[in-house]
Amino acid sequence: MLRTCTDPGRPDTLGPCEEPTKLAVLAPEMRILADSFQNGEALGRLNDLVADSNGGAYFTSGGAYHVNRDGVVSTIADDIRANGIILSPDDRVLYVTNGGAIVAFDRLGDGSVANRRNFAMLRDGGSGDGMAVDSAGRLYVTAGYAVQVFSSGGEFLGSIPTPRRAISTAFSGPDKKTLHIVGSGARGPDGQDMVTAAGVRNNAKSIYRISTIADGYRGRPK
């Protein structure tokens, strides 16, 4: 069932979201992993997530959080503007966008983290949204009208420009050599940009795909 709710990132607009929000395991059998924080509060509007190698997942909902395989939710950081979240290929580093910065944490064996630090700063005043990682550990971060690429050491390598504001990205395909990018907004059958009534959030999206030399990390879906 869908309801109309306020988007925390755009409090002046309304749009559809699921109620209640749950973290679920889909395979080998579907089951609910968590639907609330430890204090009983609802998880809110989840933004992004990445599964870890221990049956849990890291996710963002305003801040950054972890849920273990038993459904226990713990806080990674609630004093950041978290949006995108991704793990390094070896699961040892957790990356989280924090406005115009990318924050890194060392991931410990139980899923907790340590050694918070600024990993890189985004260029051109962009604010980070979605993230992907390739097999070499390079980060692909959507920000403004581009996907910004950083080395595993935090060096800015360049940008992939996009026709629309980029909000999410992921490698896919059998060899993971296709980078898909979601852009905000889309054209309708009449060739004009789709619009909504005043006060209603425009959820129209465009998806671009780019063949890449680099290949995405194949050890997990994202």
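Residue numbers here run from 1 along each chain, matching the order of that chain's written sequence. With pLDDT at 70 or above as the cut-off, local features in this predicted model cover only qualifying residues; side-chain atom pairs require 80 or more to be listed or tallied, and sums for whole chains, interfaces and linings still use all residues. With hydrogens and water stripped out, all remaining heavy atoms of the structure feed into the side-chain values.

**Q** So, the side chain of T97: which residues are in play, and what are the values?
**A** Secondary structure counts use DSSP, requiring at least four H or I residues in a row for a helix and at least two E residues in a row for a strand, with both numbered from the N terminus. For T97, the position within the fold is in strand β10 (residues 93–98). Polar contact is the term for a pair of N or O atoms within 3.5 Å; when the atoms are in protein, one must be able to donate a hydrogen and the other to accept it, and sequence-neighboring residues count only if both atoms are side-chain atoms. Here N83 takes part through its backbone nitrogen, which lies 3.3 Å from a polar atom of the side chain of T97. Within the structure, T97 has its side chain in polar contact with the backbone nitrogen of G84 (distance 2.8 Å).

**Q** Outline the sheet that holds strand β12 (residues 113–121), listing residues and values.
**A** Hydrogen bonds between backbone atoms are what pair the strands of a sheet, whose relative direction is either parallel or antiparallel. Should DSSP find at least two bridges between two strands, the strands are regarded as paired. The sheet built from four strands is open, its strands ordered β9-β10-β11-β12 with antiparallel pairing. Two strands close off the open sheet at either side, each with one partner strand: β9 (82–87) and β12. Between one strand axis and the next, the sheet turns by 25 degrees as a mean value, whatever way the strands run. Bridge count between strand β11 (residues 101–107) and β12: six bridges; the pairing is antiparallel. By the bridge assignment, I102 is partnered in β12 with A120. Under this scheme, a helix contributes an axis fitted over its contacting stretch, all axes are lines through C-alpha atoms, and angles between N-to-C directions fall in the 0 to 180 degree range.

**Q** Account for the pattern of salt bridges, naming residues and giving values.
**A** Note on definitions: salt bridges are taken to be side-chain nitrogens of Lys or Arg within 4 Å of carboxyl oxygens of Asp or Glu. Taken as a whole, this structure holds eight salt bridges when the rule is applied. One salt bridge connects R220 with D91, and the closest N-O pair in it is separated by 3.1 Å. Of this pair, R220 sits in the segment after β19 (205–211) while D91 is found in the loop between β9 and β10, placing the two residues 129 residues apart along the sequence. R218 serves as the salt-bridge partner of D215, at 3.7 Å between the closest nitrogen and oxygen. R218 sits in the exposed class, given a relative accessible area of 52%. A simple rule labels every residue: compare its accessible area, found with a 1.4 Å probe on the protein chains alone, to the largest value its type can have, and call it buried under 20%, exposed over 50%, or partly exposed in between.

**Q** Please provide a residue-by-residue account of the packing of aromatic side chains, values included.
**A** We call Phe, Tyr and Trp rings a pair once their centres come within 6.5 Å, taking the six-membered ring for Trp, and we label the pair stacked below 30 degrees between planes, edge-to-face above 60, and tilted otherwise. Summed over all chains, the structure comprises five aromatic pairs. Each residue in the set F37, F59 and Y65 is aromatic and connected to the rest through ring pairs, giving one cluster.

**Q** Mind laying out the nonpolar core, listing which residues take part and the relevant values?
**A** Here is a general trend for soluble globular proteins: nonpolar side chains tend to be buried in one another's company. L94, Y95, V96, I102, F119, L139 and F150 are the most contacted members of the largest nonpolar core, which has 27 residues in total. Elements that contribute at least two residues to this core include exactly β8 (73–77), β9, β10, β11, β12, β13 (131–133) and β14 (139–142). Should any heavy atoms of two residues lie within 4.5 Å, those residues are considered in contact. Not counting residues up to four positions away in its chain, the partners in contact with F150 are I102, F119, A120, M121, L122, R138, L139, V141, E155, F156 and L157. For this analysis, a nonpolar core means a set of buried residues of the types Ala, Val, Leu, Ile, Met, Phe, Trp, Tyr and Cys, connected via side-chain atoms within 4.5 Å. Among the nonpolar cores identified, the runner-up in size contains 11 residues, and V25, F59, Y65 and V73 belong to it.

**Q** Can you explain the sheet that holds β14? Please cite residues and give values.
**A** Pairing is antiparallel in the open sheet, where four strands are placed in the order β13-β14-β15-β16. This sheet does not close on itself; its edge strands, each paired only once, are β13 and β16 (156–161). Across the sheet, the mean angle separating the axes of adjacent strands is 20 degrees when strand polarity is ignored. Two strands pair when backbone bridges link them, and β13 and β14 are joined in this way by three bridges, in the antiparallel orientation. Following the sheet pairing, A132 is matched in β14 by Y140.

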